[in-house]
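The chain contents come next:
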Amino acid sequence: MAAGAGCAVDTRRALECRNGEAAAHLKFVSIFIIFFTSVIGVSLPVVLARYLQGKPSYDKATLIIKCFAAGVILSTSLVHVLPDAFDALSDCQVASKHPWRDFPFAGLVTLIGALLALLVDITASAHVEHGHGHGHNNNDNKESKNYVLVGTQEEIEGIKKGNYELGKLETGHGERTNRETDQEELIKLKQKLVSQVLEIGIIFHSVIIGVTMGMSQNQCTIRPLVAALAFHQIFEGMGLGGCIAQAGFNFGTVAYMCFMFSVTTPMGIVLGMIVFSVTGYDDSNPNALIMEGLLGGLSSGILIYMGLVDLIAVDFFHNKLMSSRSWLKKASFIALALGSTSMSILALWA
């Protein structure tokens with residue numbers, strides 16, 4: 001009975017602000033505002049990294065940018081996406097029905113998202129390492145050639161002895177150089193993989209935001225959301241852009257990834273408007289809330305895993321540059337805290 005009363009109160013509140021024409025006008029304005037703020041947010045770290053490329057401070061600057069990005073991503077998942085998923089599935093119109101009232105599905109789907117991200121990470125990393133190691137062995141086999149020495153016995157013994165001493169030095173140096181090169185290439189490939197999986201998680205989240213806003217007919221909800229989402233997209237774009245900048249993609253891939261992030265939320269808004277015009281479902285419809293909760297939980301799981309494991313843990317525990325400079329570790333932690341704080345504060349409005 002209490003649940004029904006709560007639903008009735010929410011419905012009356014929504015009807016007071018329900019104005020389809022005013023809501024549509026706000027949504028059209030929001031499409032352009034959100035697109036441009038998304039472009040600014042995701043491009044800023046990429047442009048900054050390109051500007052600093054080749055300079056002595058490049059590695060340190062990209063590391064600090066990436067730590068700020070990690071803070072933004074972690075805050076997005078824990079402060080924005082996960083609570084929204086729980087709220088959607090605990091809404092009285094959903095939680096009063098079986099099976100949604102019997103089990104915390106938002107937490108379960110978040111767990112599934114984290115495990116899926118881990119599975120993709122393990123599979124892709126194993127594939128990359130196996131392919132890289134196989135190619136390296138083939139090159140070594142091609143370079144090893146048999147040859148026959150010609151000359152007197154004393155000359156042959158002298159050549160063999162000299163070659164042996166020289167070979168020991170060259171082999172030791174060559175193995176170290178090859179190992180370092182292989183390690184750098186694997187790190188770059190890993191960073192590219194992280195950026196791509198991270199974008200998938202962020203796109204899920206952006207689609208949810210866009211569709212929910214597109215389906216809403218509540219002008220009182222949409223008006224403050226436009227400004228809040230503009231800042232939200234700037235910081236979330238900076239988070240993704242920081243990872244893209246360090247991954248070392250070519251210009252075409254960087255432009256494509258930035259474009260996809262920038263258009264996802266506006267496309268979600270358009271999709272939500274189409275869904276409402278075809279089905280009549282708004283953002284308070286039980287089916288829409290269930291979809292929002294499940295996709296939100298999945299997105300949150302992916303982002304939590306990527307933020308903690310592939311961004312924070314890798315940089316703070318496995319980065320040689322940070323390990324060798326205590327001031328850089330402190331600066332990186334401050335950047336991480338600033339990224340988390342700035343994105344968390346936005347939860348007051350969006």
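Residues numbered from 1 in each chain as written. Predicted model: local features only at pLDDT ≥ 70, side-chain atom pairs only at ≥ 80, totals over all residues. Heavy atoms only, no water.

## Focus on the overall build of the chain
What counts here: Numbering goes from the N terminus for both helices and strands, where a helix is a DSSP run of H or I of at least four residues and a strand is a run of E of at least two. For every residue, the accessible area obtained with a 1.4 Å probe (protein chains only) is divided by the maximum for its type, and the residue is called buried under 20%, exposed over 50%, and partly exposed between those limits. Throughout, the Shrake-Rupley method with a 1.4 Å probe supplies accessible areas, and for residues the shown protein chains are the sole cover considered.
Helix and strand counts for the chain come out as eleven helices and zero strands. When each of the 350 residues of the chain is scored for burial, the buried share is 41%. With an accessible surface of roughly 19,100 Å², the chain has 67% of that area assigned to carbon and sulfur atoms.

## Observations regarding the pattern of salt bridges
Which entries qualify depends on this criterion: Just to be clear on terms, a salt bridge is a Lys or Arg side-chain nitrogen sitting within 4 Å of an Asp or Glu carboxyl oxygen.
Enumeration over the complete set of coordinates arrives at two salt bridges. A salt bridge links Asp-315 to Lys-66; its shortest N-O distance comes to 3.6 Å. Of this pair, Asp-315 sits in helix α9 (residues 286-318) while Lys-66 sits in helix α3 (residues 58-89), placing them 249 residues apart in sequence. The same class applies to Asp-315 as to Lys-66, namely buried. Put simply, Asp-102 and Arg-101 hold a salt bridge, and the shortest N to O gap is 3.9 Å. Note on Asp-102: relative accessible area 47%, which makes it partly exposed.

## Topic: the UniProt feature "transmembrane region" (unreviewed entry) in the chain
To be explicit about the condition: UniProt positions are given in the numbering used here, feature names are shortened, and annotations may be inferred rather than shown by experiment.
According to UniProt, the "transmembrane region" (unreviewed entry) feature falls on residues 28-51, 63-83, 103-120, 193-213, 225-247, 254-278, 298-319 and 331-349. Counted over residues 28-51, helix gives 100% and strand 0%. Its end C-alpha atoms are 35 Å apart.

## A few points about the nonpolar core
Short version of the rule: Throughout, nonpolar core names a set of buried Ala, Val, Leu, Ile, Met, Phe, Trp, Tyr and Cys residues whose side chains join them through atoms within 4.5 Å. Throughout, a residue-residue contact means that at least one pair of heavy atoms, one from each residue, lies within 4.5 Å.
By size, the foremost hydrophobic cluster in this structure holds 42 residues, and its most contacted members are Leu-198, Ile-202, Phe-235, Leu-240, Ile-244, Met-306 and Leu-311. Tallying contributions element by element places α3 first for this core, with nine residues. Apart from the residues within four sequence positions on either side, Leu-240 is in contact with Val-42, Ile-73, Ser-195, Leu-198, Glu-199, Ile-202 and Phe-261. Core analysis: the next-biggest nonpolar cluster, separate from the first, contains eleven residues, Leu-26, Ile-34, Ile-209 and Ile-269 among them.

## Observations concerning the side chain of Lys-27
Definition in use: In the analysis that follows, any N or O atom pair within 3.5 Å is treated as a polar contact, provided that within protein one partner can donate a hydrogen and the other can accept it, and provided that, for residues neighboring in sequence, both atoms belong to side chains.
Of note, Lys-27 is situated in helix α2 (residues 20-52). Polar side-chain contacts of Lys-27 include one of 2.8 Å to the backbone oxygen of Gly-214. Those residues in contact with Lys-27, other than ones at most four positions away along the chain, are Met-213, Gly-214, Met-215, Ser-216, Gln-217, Ile-222, Ile-269 and Met-273.

## Focus: the packing of α2 against helix α8 (residues 251-279)
Helix-helix packing is described using two parameters, namely the angle between the two axes and the distance between the axes. Counted only if it meets this: Inter-axis angles, ranging from 0 to 180 degrees, are taken between N-to-C directions of lines fitted to C-alpha atoms, where helices are fitted over the stretch in contact. Throughout this description, any angle smaller than 35 degrees is read as roughly parallel, any larger than 145 degrees as roughly antiparallel, any in the 65 to 115 degree range as roughly perpendicular, and the remainder as oblique. Handedness of a helix crossing follows the sense of rotation of the near helix relative to the far helix, less than a right angle counterclockwise being left-handed and clockwise being right-handed. Amino acids outside the nonpolar list (Ala, Val, Leu, Ile, Met, Phe, Trp, Tyr, Cys, Pro) and the charged list (Asp, Glu, Lys, Arg) are all regarded as polar, and Gly is one of them.
Two elements in contact, α2 and α8, have axes whose closest approach is 9 Å; the angle formed by their N-to-C orientations is 160°. Between α2 and α8, the angle falls in the class roughly antiparallel. For α2 against α8, the interelement crossing comes out right-handed. Contacts from Lys-27, Phe-28, Ser-30, Ile-31, Ile-34, Phe-35, Ser-38, Val-39, Val-42, Val-46 and Arg-50 of α2 reach α8 at Phe-251, Val-254, Cys-258, Phe-261, Ser-262, Val-263, Thr-265, Pro-266, Ile-269, Val-270 and Met-273. Considering only residue class, the contact of α2 with α8 consists of 16 nonpolar, four polar and two charged.

## Side note on helix α11 (residues 326-345)
In plain terms, the rule: Here the expected length of a helix is defined as 1.5 Å per residue gap, with one fewer gap than residues. To obtain the arc, one takes the directions from the helix axis to the C-beta atoms.
For α11, built from 20 residues, the straight-helix expectation of 28 Å at 1.5 Å per residue is met to within 8% by its first-to-last C-alpha distance of 29 Å. Within α11 the residues assigned to the buried category are Leu-328, Ser-332, Ala-335, Leu-336, Gly-339, Ser-342 and Met-343. An end-on view of α11 places all buried positions within 140° of arc, on one side of the element. Of the exposed residues in α11, the ones pointing more than 90 degrees away from its buried face are Ser-326, Lys-330, Phe-333, Ile-334 and Leu-338. Those residues of α11 that are buried lie in contact with α3, α7 (219-247), α9 and α10 (320-323).

## With respect to the packing of aromatic side chains
Counted only if it meets this: Only rings of Phe, Tyr and Trp enter the pairing, Trp through its six-membered ring, and a pair is recorded when the two centres are within 6.5 Å. The plane angle decides the type: under 30 degrees is stacked, over 60 is edge-to-face, the rest tilted.
Inspection of every chain in the model, using the stated rule, returns three aromatic pairs. Judged by centre distance (5.4 Å) and plane angle (70°), the ring pair of Phe-35 and Phe-36 falls under edge-to-face. Exposure remark for Phe-35: the relative accessible area of 25% places this residue in the partly exposed category. Three or more aromatic residues joined by ring pairs make a cluster, and in this case those are Trp-100, Phe-103 and Phe-105.

## Looking at α8
The condition is simple: Values of bend correspond, residue by residue, to the angle between axes fitted over the seven residues ending at that residue and the seven starting there.
A rise of 1.5 Å per residue sets the reference length of α8, with its 29 residues, at 42 Å; its end C-alpha atoms lie 41 Å apart and thus fit the reference within 8%. Along α8, the largest kink reaches about 35° and is centred on Thr-264; proline Pro-266 follows within four residues of it. Looking at where α8 begins, the residue whose side-chain oxygen comes 3.2 Å from the main-chain nitrogen of Gly-252 is Asn-250. Phi for Gly-280, located one or two positions after α8, is positive at around 80°.

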